[in-house]
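Tertiary structure, described
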Amino acid sequence: MLRLIAGATLLFAIVPNLYAQTPEGAPVKMTGKVADAVTGKPVEYASVVLLRQADSSMVTGMYTTPAGTFAFNTVVPGIYVLRVTFMGYEKLEKAVKVAAGKPAFAGTLRLQTAGKVLNAVEIKAEKPAFSMQIDRQVFDAGSMINAEGGTGTDILKNIPSVDVDIDDNVTLRGKSVTIYVDGKPSPFGDAKTALQMIPAESIDRVEVINNPSAKFEAQGGGGIINIVLKKDKAIGYNVMFNAGVATRGQLNGSANASLRMRRFNFFGNYNARYESIGGSGYSYRQNLVPDSSRTTFFSQDSRNNNRNGNNGGRFGFDYFLDDHNTFTIAEGLNHNFGKNEDDIFLNYLDDQKQTLRNGERHNTSRNDGYNNNTSLNYKHTFKKQNQELTAYVSYSGNRGSSNSDYRTQYQKPGQDTLPNPNWQQNTGKNGNRFWNLQSDYTMPLGKKGKLEAGVKSTFRYISNDYTAMLYNWDVQDFRKSNQLSNQYDYEEDIHAGYLNFANAIGNLGYQVGVRAEQSFLKGYSYTRDTTVDNRFFNLFPSVFLKYNMPKNQNQSLVFNYSTRIDRPNFDQLLPYINNSDPQNIRIGNPELKPALSHKFETSYSVYYPKSNNYFSTSTYYAQTNDNIDRISTLDTVTGVTTTKPMNLATQQNIGGNVSYSLNIYKWWKVNANLNLEYNRLTSTTLNNENFSYGLNANTQFRLPSRINIELSGHYRSPRIQPQGTFRAMNGIDLGIRKEVLKNRALVIALNISDVLNTQQFSSHYETPVFIQDYERKRATRFIRINIRYRFGKMDPNLFKKKKQQQEEEEKPQEEEEKPKERGRL
């Protein structure tokens, strides 16, 4: 607790100190006005952004006043572009030259009403589906019709280089990732849980950051995926309802609302989801060394049904204290639950493939969990453009419980069922407390320079109490198994600080930085009397270079280098034994060490303004030392395999990526991405390498009557793992969306997922003592219907009109009352 108080004190103590050290610049003022092109009336709270003409980077921005005016007090002489946007109007851009020593007047910027009709096909302004920035790729979530009614997981299935396996685990170029929500670590725990709790319709865009700069935490060898949620801070109100149903037994619904009233912006949402998904699995293993029961071949066939759901919401408000200070307070609550049933059929064969015995195992499990998250944000902007200070504090609490029942019955050929089946009952309780404290400061230096600095501390405490009870047929009662039970506490404290400096020399922009992180990982197993006590101090440098072609500012070259770390998580360190599959058990490894990665990437991109086409290509190299991966060993006596995470080898990835967005016609566009990669694992005990590739493509048609159709497909070739390969995966999805009503307030979508029913997970293992093939299949082909309805009113004078109307209504009453008062006198 003392460390928490000290961290909070440090976080907010930096605010007045940095404010006091802020230098003032020579003022060169730019002013202007925004008005409706038809009526000439001022447009209040329109967004006005000042961009550098050379590289389109943002200098500063603000909302217009009630009179439609705007003013930037300090603007460095040069050529700029003013970009003005407001809901219901077309985007406006105007070049402005600012001369030294005198104020600049941008004039009256007149906005045109949005939307026009061309050849019976409605064309509307939209964000590009894909764009490249100096350190990230940006994907528009609204263009992914196939994800309508889904979750954040369904959105990521459409992102190139991102893999989502059958259990909804997310990797980027084969590496683990860290999930951010609105630029901050997800408050919902692990990546899988975070994505499943975010409705697809609430996501604005996805930012894939393969090589994060020193500003971001270094955890995650694959990089960071930032989920940016939709926001609407224009004066007025906005409400959206969403509901869907799918053939796989899925029901989903959500409600989102926002209300902006001058200095306050209130927001809230509630969502609920339930689904019932069936699946199957099959594995076939050959023991090269027969076990004590002479088993040489072993097969396993399983059928399962998973029923799970969640519901919860988030609400809060922004308070705009003045033009420079903003506070945001938010609270989130969520409840998740699930019930799983598995039937596993076991068959043991000798070297002649004659049955030695067979068995049937039935597993049932239930889980129930609650999550809450509270966050406080503060943002201060200075009079000097691009200078700001932010502070952030959040607390997340999770608690859950689970229970399960495993029963296994064996039988030999020609004999009755063997007596006394194996019977195990388990109960579990877990808790998670997570504090996150962070402060960032940005200060411009010179004409193009920028300095960024920040500090961050995270405190995470996890408790787990798992009890396994085995039925003892001699005493006709359950007895606790000390080998399978485990009570464990785990604490992870990470403190970090970073510096980033950015500037430009001609057309070459650069950014260099370094991040320092001190980690404390402590854990203790009461059941096994074992301790984990690790301390790591690491420096993570990063370098970014961007070169804009002198003759074509729409072309750019980018180079970046960064270092990353994969710290073992709680589930990997926990010394547990998972025996839900009696022949393939899983255990943790308290001796795991972090894995460090060095990542290099060079990319080239070009944008074609006339056609709105976009092309990018990149090459990359990554090397991970002490790579963490799972390895399986066979007990040649019992015939049981044990899978355990270990620091196995050095992994090298060399690859190239090509993306192209092509607008064939105004109503037809195609996006394609090809990734080629050479992978190599080397160590003293194993070596594995292969060449792999992945292809993602989608085509969209915008037809008359506001009908949109999207057809997308993906293929990933086999990829290596330490003891074999993951086999190829592929699938095709189809989505149709119809917009109804004049303002497109009602949207009806029909999605068919995995049209050809080809998507499944399979792998092949080869070791000196066994060879195994493994397949898993879930109900991936389904039809989903989703309906979304949205209404609202964005009007800068909305509440002003209501106030005036109220005053006018009250006025006659006052006039009528006055004579009555006189009459009584």
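Residues numbered from 1 in each chain as written. Predicted model: local features only at pLDDT ≥ 70, side-chain atom pairs only at ≥ 80, totals over all residues. Heavy atoms only, no water.

1. What about the packing of aromatic side chains?
We apply this condition: Aromatic pairing here means that ring centres of Phe, Tyr or Trp (its six-membered ring) are within 6.5 Å. Orientation follows from the plane angle: under 30 degrees is stacked, over 60 is edge-to-face, and everything else is tilted. What counts as a helix is a DSSP run of H or I of at least four residues, what counts as a strand is a run of E of at least two, and both are numbered from the N terminus. Burial here depends on accessible area, computed with a 1.4 Å probe over protein chains only, as a share of the maximum for the residue type. Under 20% is buried, over 50% is exposed, and the range in between is partly exposed.
Across all of its chains, the model carries 30 aromatic pairs by this definition. With 6.0 Å between their ring centres and 50° between their planes, Phe 264 and Phe 317 make a pair best called tilted. Here Phe 264, found in strand S20 (residues 264–287), pairs with Phe 317, found in strand S21 (residues 297–320); they are 53 residues apart in sequence, far enough to count as distant. Accessibility expressed as a relative area gives 31% for Phe 264, which makes it partly exposed.

2. As for the sheet that holds strand S3 (residues 58–63)
As a reminder, the rule being used: Here the rule is simple: two strands pair whenever DSSP picks up at least two bridges between them. Comment: axis = line fitted to C-alpha atoms, over the contacting stretch for helices; angle = value between 0 and 180 degrees taken between N-to-C directions.
Sheet architecture is open: four strands sit in the order S3-S2-S5-S6, paired in antiparallel fashion. The sheet is open, and its two edges are formed by S3 and strand S6 (92–98), each paired on a single side. On average, each strand axis in the sheet is tilted by 20° relative to the strand beside it, whichever way the strands run. Pairing analysis gives seven bridges linking strand S5 (residues 78–85) to S6, with the strands arranged antiparallel. Each bridged residue has a counterpart across the sheet, and for Leu 82 the counterpart in S6 is Lys 94.

3. Some remarks on the environment of Val 75
To keep it simple, the criterion reads: The contact criterion used is simple: two residues touch if any of their non-hydrogen atoms lie within 4.5 Å.
Counting through the fold element by element, Val 75 comes out in the loop between strand S4 (69–72) and S5. Distance from Val 75 to Ala 100, taken between C-alpha atoms, is 9.5 Å for residues 25 residues apart in sequence. Not counting chain neighbours up to four residues away, the residues in contact with Val 75 comprise Val 28, Met 30, Leu 50, Tyr 80, Val 98 and Gln 385.

4. Quick notes on the pattern of salt bridges
Put simply, the rule reads: A pairing counts as a salt bridge when a side-chain nitrogen of Lys or Arg comes within 4 Å of a carboxyl oxygen of Asp or Glu.
Taken as a whole and judged by the stated rule, the model has 21 salt bridges. Linking Glu 452 and Lys 215 is a salt bridge whose minimum nitrogen-to-oxygen distance equals 3.5 Å. Of this pair, Glu 452 sits in strand S26 (residues 449–472) while Lys 215 sits in the loop between strand S16 (203–209) and strand S17 (223–229), and the two are 237 residues apart along the sequence. Since its relative accessible area comes to 8%, Glu 452 is described here as buried. In this structure, Asp 754 engages Lys 777 in a salt bridge whose closest nitrogen and oxygen atoms are separated by 3.6 Å. In this pair, Asp 754 sits in the loop between strand S43 (746–753) and strand S44 (761–766) while Lys 777 sits in strand S45 (residues 770–778), placing the two residues 23 residues apart along the sequence. Each member of the pair, Asp 754 as well as Lys 777, is classed as buried.

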